[in-house]
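Analysis of the macromolecular model
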Amino acid sequence: RVTRAGVFTDWRVWALAQWFACATGDVPPKIALMTQDYIPLTKLEALVRNAMAGIGNERYVLGVLTTSRVCIPSTTDVQSEGDAMTPLTIRSQRFDCPMLVVFDDQRHIGPDVSGRARYWLEASGDWLVKQVAPGHGLTLFVGPSMACELSPDLLAETRSALSS
């Protein structure tokens, strides 16, 4: 469920908090157990899983994201080229900025998100990175209880590299 302030109040908050703890090298036993039995379906899912377990980092995730297809929930109807859409956002406590909510697969969008954002756009990851407004980051959800935050600075750096 998403509150009016745009902060998740369900398992996604827990997943983000656990991911941050894992990224700092402090892997809680519950996360280690949860991720050891999970079999990723794609390389993107595997990299997020590794980041949660303290192996790898956001740069690896972003590198694969730019070559992947993603699903972007929108609170308004979406035109064919992504015009007039209003992406669902949450506020990152880690980066203190708005984050676009993105999924690796439309099937991972649960009722808590679809209740707030009835529409979605499937797009290439490189297109998405180029479209994200400065000062905004991405929260990428893949598989059950797995997410990765990509900072505005990292997105800006990648946007610059994609443009050259």
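A few points on the structure. (Residues numbered from 1 in each chain as written. Predicted model: local features only at pLDDT ≥ 70, side-chain atom pairs only at ≥ 80, totals over all residues. Heavy atoms only, no water.)

1. A short note on the layout of surface pockets
Taken as a whole, the second largest pocket encloses approximately 190 Å³ of empty space. Together, eleven residues line the second largest pocket, and Met85, Pro87, Leu100, Gln131 and Val132 are the ones closest to its centre. Counting residues per element, the lining of the second largest pocket draws most heavily on helix α6 (residues 125-131), which supplies three residues. Counted by class, the lining of the second largest pocket contains eight nonpolar, three polar and no charged residues. (1 Å grid on protein atoms, 1.4 Å probe; cavity = no way out; pocket = protein on both sides within 12 Å on 5 of 7 lines; lining within 4 Å. Points joined across faces, edges and corners; volume = space filled by probe spheres on them. Helix = DSSP H or I, 4+ residues; strand = E, 2+ residues; numbered from the N terminus. Nonpolar A, V, L, I, M, F, W, Y, C, P; charged D, E, K, R; others polar.)

2. Description of the packing of helix α3 (residues 43-52) against helix α4 (residues 58-65)
At a minimum axis distance of 9 Å, the contact between α3 and α4 shows a crossing angle of 170 degrees. With respect to α4, the element α3 is oriented roughly antiparallel. Where α3 abuts α4, its residues Lys43, Leu44, Leu47 and Val48 lie against Tyr60, Val61, Val64 and Leu65. Residues that form the contact of α3 with α4 fall into these classes: seven nonpolar, no polar and one charged. (Axes fitted to C-alpha atoms, helices over the stretch in contact; angles between N-to-C directions. Parallel < 35°, antiparallel > 145°, perpendicular 65-115°, else oblique. Contact = heavy atoms within 4.5 Å.)

3. Overview of the pattern of salt bridges
Here the structure, examined in full by the defined rule, presents four salt bridges. Among the salt bridges present, the one from Glu122 reaches Arg69, with a minimum N-O distance of 3.4 Å. Here Glu122, found in strand β4 (residues 119-124), pairs with Arg69, found in strand β1 (residues 69-74); they are 53 residues apart in sequence, far enough to count as distant. Given the relative accessible area of 47%, Arg69 is considered partly exposed. For Arg91, the salt bridge is made with Asp96, and the minimal N-O distance between the two is 3.2 Å. (Salt bridge = Lys/Arg side-chain N within 4 Å of Asp/Glu carboxyl O. Buried < 20%, exposed > 50% of the residue type's maximum accessible area, 1.4 Å probe, protein only.)

4. Some points on the pairing of strand β5 (residues 137-141)
In regular strands, side chains alternate between the two faces of the sheet. Among the five residues that make up β5, five are buried, leaving the element largely enclosed by the rest of the structure. Side chains of β5 alternate between two faces, with Gly137, Thr139 and Phe141 and Leu138 and Leu140 buried alike. Pairing between strand β3 (residues 97-103) and β5: five bridges, direction parallel. The partner of Leu100 across the bridge, within β5, is Leu138. In the sheet, β5 pairs with strand β6 (residues 147-150) via four bridges, with the strands oriented antiparallel. What sits directly across from Leu138, in β6, is Leu150. (Pairing = 2+ DSSP bridges.)

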